[in-house]
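Reading the structure
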Amino acid sequence: MASPRHSQFNLVILDTCLNNPFSASATVSALKLPANTVVAYATAPGGFAADGTQHGVYTNEWLHALHDAPTDSLATLLQRVAIRVGSATGGEQTPWIASSLPHESNYADAVEPPTHSVGDNSVVDLHSRGILPKDSSEQYEITFWNSIKDSNYPGDYEAYLKAYPNGRFATLAHARIDRLRAASAASAPTSAAAPSTAPIAAPQAVKPATPAATPAQDHPRPAPTPTAAPAPPAAPPAVAVAQKPAVHPPSAGESRDCATCPIMIPVPAGAFAMGSNTDDPSEKPVHHVTIGAPFAIGKFPVTVDQWNACVAANACQKLTPENNPNKAAPARDLSWDDAQQYVKWLSKITGKPYRVPTEAEWEYADRGGTATKYWWGDQMRKGNANCKDCGDPWHKEGPEAAGSFAPNPLGLYDMNGGVWEWTADCWHNSYQGAPVDGHVWDSPGCDMRVIRGGSWREGGDYMLSATRFKYSSGVRQSQDGLRVVKDLK
């Protein structure tokens, strides 16, 4: 495009429904177009491009315009498409144009209103979590990238590369790892006696918002050709929360089987409607589940201090100090296999049957008897979950101390936000054929396990009680932690 061509110009039409995966510094305003070039965007900078049932709304209107009047001038076509897109989206989406033509046309001139029905491509959602279904490998990769793209830890990018060695963000991931390691080396002590600063171990890995491993993972985000991003700081600042472990003695009706064991809250048997009728096919169909026996579940996610007790007993692997500086915060950077080690140790030292919850038990406990989108209602409200743009306290470096937000109706803290929590179930793309008794839904040789609850890196859309994702059981990622359950005899 940069090569001059006599009496010709370049036209680029871009339609996307996904957010910009790069940093805010990569602005369109800084774009330098080649001569005689027009770039037609589906929406203005910072806006959303609506998806339709067959195409993006912008693409659909271009198809109609080219079919109805293929010989019209470019200016007329651009005007017509813009007006029709505005009509189809109720004025919420405004196409945008960047041009380097020497004599730009007035694209704002009025043209006739749309003459065709857009019912064949009705708007699905202007502000959905993405045009790709969450159970598609592309969306999992995109969501995964989205969850780590601002991370200052090489291990997060190594996790992404382990899950998607040839992924769309692989080049950018390698570049960020190189920058972080170079910055770490530059800030390392120069004294020969001083210990060298080691990068995060390769096996620390993956997630989401979230997925990783050999098959397609979970959390990520869209992106064109990766561009170099500014080098993150060499060492992330410490999370601005108390470093001293919080003391949470059991209250009436609660139990704790040892001094360093999680506090457990009893959950009665009962029934609930599991899943949702949102745009996520993995949450469908909504189905009636009966929990036939009571169980106890952790009042909080397992904390760093509690995990370290297992490490001290040589039963669990050490946590990465970069990701777990606050002993009162949820332990993270844990794989499903790590979680199994922890519950095995708990069961051994207490003589009680500890395990991770089934997916149905997790959602049953999270809802706490409610049937709304969130356990606190149908609208996102700040101050109920440790998530991005969900209210204070919040620090980008990591989750807050356990118990920093309000509990749900059962008295459970941090079920949503903080860290994603592992469940026992194998991942299935929908609830077709799911157990209706709350038991684990497993498969022979299963590698992909279900994670629930969202983390501090996700926004409010991920805090819904029905939100679910998958992750490779053997891969660690900095947003993944756990909560335990105990069978009550």
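Residues numbered from 1 in each chain as written. Predicted model: local features only at pLDDT ≥ 70, side-chain atom pairs only at ≥ 80, totals over all residues. Heavy atoms only, no water.

Going by an unreviewed UniProt entry, the chain carries the name Formylglycine-generating enzyme required for sulfatase activity and comes from Paraburkholderia bryophila.

As for the environment of Tyr 164
By secondary structure assignment, the location of Tyr 164 is in the loop between helix 4 (154-163) and helix 5 (170-187). A residue is classified by how much of its surface remains accessible, and Tyr 164, at 8% relative accessible area, is buried. Along the backbone, Tyr 164 and Glu 141 are 23 residues apart, and their C-alpha atoms lie at a distance of 7.5 Å. (Helix = DSSP H or I, 4+ residues; strand = E, 2+ residues; numbered from the N terminus. Buried < 20%, exposed > 50% of the residue type's maximum accessible area, 1.4 Å probe, protein only.)

Comments concerning the sheet that holds strand 13 (residues 468-472)
Ordered by their spatial adjacency, 4 strands build an open sheet running 13-12-11-14, and the pairing between neighbours is mixed. Whereas interior strands pair on both sides, the edge strands pair on one side only; in this sheet they are strand 13 and strand 14 (480-481). Bridging between strand 11 (residues 420-426) and strand 14 involves 2 bridges; their strand directions are parallel. Along strand 14, the bridge assignment pairs Trp 420 with Asp 480. (Pairing = 2+ DSSP bridges.)

Quick word on helix 4
The buried fraction of helix 4 amounts to 9 of the 10 residues, a majority that puts the element mostly inside the structure. Looking at helix 4, one finds that the buried residues are Pro 154, Gly 155, Asp 156, Tyr 157, Glu 158, Ala 159, Tyr 160, Leu 161 and Ala 163.

So, the sheet that holds strand 6 (residues 264-267)
Here 4 strands make up an open sheet; going across it, the order is 6-9-15-10 and the pairing antiparallel. Taken across any chain shown, the strands that pair with only one partner, and hence form the sheet edges, are strand 6 and strand 10 (354-355). Direction of pairing for strand 9 (residues 295-298) relative to strand 15 (residues 485-487): antiparallel, over a ladder of 3 bridges. Bridging across to strand 15, Phe 295 finds its partner in Asp 487. Sitting on the sheet, helix 8 (residues 359-367) is in contact with strand 6, strand 9, strand 10 and strand 15, with an inclination near 75 degrees to strand 9. (Contact = heavy atoms within 4.5 Å. Axes fitted to C-alpha atoms, helices over the stretch in contact; angles between N-to-C directions.)

Quick word on the packing of aromatic side chains
Per the stated rule, a full pass over the model turns up 16 aromatic pairs. Arranged with centres 5.2 Å apart and planes meeting at 45 degrees, the rings of Tyr 41 and Trp 96 form a pair that is tilted. Residue Tyr 41 is found in strand 2 (residues 37-41), and its partner Trp 96 is found in strand 4 (residues 96-99); the two are separated by 55 residues along the sequence. Tyr 41 gets classed as buried once you look at its relative accessible area, which sits at 13%. Exposure remark for Trp 96: the relative accessible area of 28% places this residue in the partly exposed category. A cation over an aromatic ring shows up here: Arg 449 above the ring of Trp 336, its NZ or CZ 4.2 Å from the ring centre. Lying across the ring of Trp 427, Arg 468 places its NZ or CZ 4.2 Å from the centre. (Phe/Tyr/Trp six-rings, centres within 6.5 Å; stacked < 30°, edge-to-face > 60°. Lys NZ or Arg CZ within 6 Å of the ring centre and 35° of its normal.)

Let's talk about the state of the cysteines
A complete count under the given rule lists 4 disulfides for this structure. Linked covalently through their sulfurs, Cys 258 and Cys 261 form a disulfide whose S-S length is 1.9 Å. The disulfide joining Cys 258 to Cys 261 has a torsion of about 100 degrees about its S-S bond and is therefore right-handed. Here Cys 387 pairs with Cys 390 through a disulfide, and the sulfurs are 1.8 Å apart. Because the torsion about its S-S bond is -110 degrees, the bridge between Cys 387 and Cys 390 counts as left-handed. Per residue, the accessibility class of Cys 387 equals that of Cys 390, and both read buried. Cysteine pairing for the chain, with bonded cysteines counted in sequence order: 1-2, 3-4, 5-6, 7-8. (Disulfide = S-S within 2.5 Å.)

What about unusual backbone geometry?
The bulk of non-glycine residues show a negative phi, and the bulk of peptide bonds are trans. Cis geometry marks the peptide bond from Lys 284 to Pro 285; its omega dihedral reads -5 degrees. Tracing the backbone through its elements, the reader meets Pro 285 in the loop between strand 7 (270-274) and strand 8 (287-291). The step from Asp 392 to Pro 393 runs through a cis peptide bond, and the omega angle for that step is 0 degrees. With respect to the helices and strands, Pro 393 occurs in the loop between helix 8 and strand 11. Positive phi outside glycine occurs at Asp 389, with the angle close to 60 degrees. With respect to the helices and strands, Asp 389 occurs in the loop between helix 8 and strand 11.

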